[in-house]
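Chain and residue survey
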Amino acid sequence: MKFVLSFEGNDADDNEIDFYDAADALTGFQRSLALTTHLVLNGEIIVKAPALEGARIFIKSPEPGSWKVLTTVGLLATGAYQLGTAPRDTILGNLVVSAYDYVINESLGFHVDFDSTLGQQYDEVQRQRRPIAPKISESQLDSLVEKVENSVRDMHRPIHASRTATEAHLTSSYRRQHADIATLDAETFDYVRLTRQVERPEEFTGRVSMYNVNTFRGRIFVHSERRPIPFELAETCRDMVSIQRITSSLQVNARDRASLDAEIVVSGFRFESSTGRLKRILVTRVGSAIPR
């Protein structure tokens, strides 16, 4: 697998960017990639890149044409899930690429449909009964997004600090398949650099699309935002009635996404970016289903 981070604009067009900023950007790049690869290979979340098991990440010399650096991820034949044949390597490689795409885009505020991407790939692996890697859940990936948020912010440093670049492009390639993962610029930096809590609570109407009973976290499709928003139940809102309303909305929504019975109203504090884009909700009250 190959992943490329390239900067363009200003000094980067002459193959130069600030050294300090480049170091921070590459550290963030490596850490976000290492944590994602480890989760796919081992089914667990780590917080330190050196703890990566089952793979090694190499870096090649910067290439001309803007300021470009190429990394390669080499999978090791260790652990319970052995490698060695091309089909298995291909499937596992595609999982890593898709997981990294999910993590990066979600951290930048762009929703990725888990079911139609990684979910379908894991379903195919199960149908073929190939023990390629432990199946990871959407909630695990969402937890990983939180862990790499600072790393993704660091990848923006040449853009916002020294301004020796105006944007960066993150791409991947694996077995002749090339994909554009994300573009980093001033707008995406505004999203990741700051999360502020709005002082007054407000109401949100939508339907629950995911919920983890162990972490009290999930996602709710908010109609006004037209996208799923991460939420967490406040400690004062973790009673049986609130949880039952959350899970009921999830169950109905899973059976029939067009059913109005899945819709609920929640109250809570919004956490938003510096530009006002909603990032997550701390739910303090779960109302009953919307009356028909």
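Residues numbered from 1 in each chain as written. Predicted model: local features only at pLDDT ≥ 70, side-chain atom pairs only at ≥ 80, totals over all residues. Heavy atoms only, no water.

1. Focus on helix 6 (residues 186-193)
Spacing of three or four residues puts side chains on the same side of an α-helix, whose turn is 3.6 residues. By the burial criterion, the buried members of helix 6 are T188, F189, Y191 and V192. The buried residues of helix 6 occupy an angular sector of 160 degrees when projected down its axis, which confines them to one face. Residues of helix 6 that are exposed and angled more than 90 degrees away from the buried face: A186 and E187. Between a side-chain oxygen at the N-terminus of helix 6 and the backbone nitrogen of E187 the separation is 3.1 Å; the capping residue is D185. (Buried < 20%, exposed > 50% of the residue type's maximum accessible area, 1.4 Å probe, protein only. Helix = DSSP H or I, 4+ residues; strand = E, 2+ residues; numbered from the N terminus. Arc of directions from axis to C-beta. Polar contact = N/O pair within 3.5 Å; in protein donor to acceptor, adjacent residues only side chain to side chain.)

2. Concerning helix 1 (residues 19-42)
End to end, helix 1 covers 34 Å across 24 residues, agreeing with the expected 34 Å (1.5 Å per residue, within 8%). The opening residue of helix 1 is D18, an N-cap whose side-chain oxygen sits 3.1 Å from the backbone nitrogen of Y20. Backbone geometry just downstream of helix 1 places G43 in the positive-phi region, at approximately 70 degrees. (Expected span 1.5 Å × (residues − 1).)

3. Quick word on the packing of aromatic side chains
Taken as a whole and assessed by the stated rule, the structure comprises four aromatic pairs. On the basis of an interplanar angle of 80 degrees and a centroid distance of 5.2 Å, the ring pair of F3 and Y100 is categorised as edge-to-face. Here F3, found in strand 1 (residues 2-8), pairs with Y100, found in helix 2 (residues 86-107); they are 97 residues apart in sequence, far enough to count as distant. Judged on exposure class, the residue F3 and its partner Y100 are both buried. Its guanidinium or amino end placed over the ring of Y191, K279 lies 4.7 Å from that ring's centre, counting from NZ or CZ. (Phe/Tyr/Trp six-rings, centres within 6.5 Å; stacked < 30°, edge-to-face > 60°. Lys NZ or Arg CZ within 6 Å of the ring centre and 35° of its normal.)

4. Focus on the side chain of S6
Inspection of the secondary structure puts S6 in strand 1. Owing to a relative accessible area of 8%, S6 belongs among the buried residues under this scheme. Setting aside residues up to four positions removed in sequence, S6 forms contacts with S66, W67, K68, E167, A168 and H169. (Contact = heavy atoms within 4.5 Å.)

5. Comments concerning the confidence of the model for the protein chain
With 92% of its residues at a pLDDT of 70 or more, the protein chain shows a mean pLDDT of 86. Mean pLDDT values for the elements of the protein chain range from 79 in helix 3 (residues 115-127) up to 96 in helix 5 (residues 157-160). A low-confidence stretch, residues 78-87 stays under pLDDT 50, and its non-local contacts, those more than four residues away or across chains, total 16 contacts. (pLDDT = per-residue confidence, 0-100.)

6. Some thoughts on the nonpolar core
By size, the foremost hydrophobic cluster in this structure holds 57 residues, and its most contacted members are F3, F7, Y100 and L141. With 10 residues, the single largest contributor to this core is helix 2. The residues touching L141, leaving out its near neighbours within four places in the chain, are L39, A99, Y102, V103, F114, L118 and I136. I220, C237, I246 and V286 belong to the second-largest nonpolar core, a separate cluster that totals 17 residues. (Core = buried A, V, L, I, M, F, W, Y, C linked by side-chain atoms within 4.5 Å.)

7. Considering the packing of helix 1 against helix 4 (residues 138-154)
Their axes nearest at 7 Å, the elements helix 1 and helix 4 cross at an angle of 165 degrees. On the basis of their axis angle, the class for helix 1 and helix 4 is roughly antiparallel. Crossing of helix 1 over helix 4 shows right-handed handedness. Between helix 1 and helix 4, the residues in contact are D24, A25, G28, R31, S32, L35, T36 and L39 and Q140, L141, L144, K147, V148, S151 and D154, respectively. For the contact of helix 1 with helix 4, the per-class residue count stands at six nonpolar, five polar and four charged. (Axes fitted to C-alpha atoms, helices over the stretch in contact; angles between N-to-C directions. Parallel < 35°, antiparallel > 145°, perpendicular 65-115°, else oblique. Left-handed = near helix turned anticlockwise from the far one by under 90°. Nonpolar A, V, L, I, M, F, W, Y, C, P; charged D, E, K, R; others polar.)

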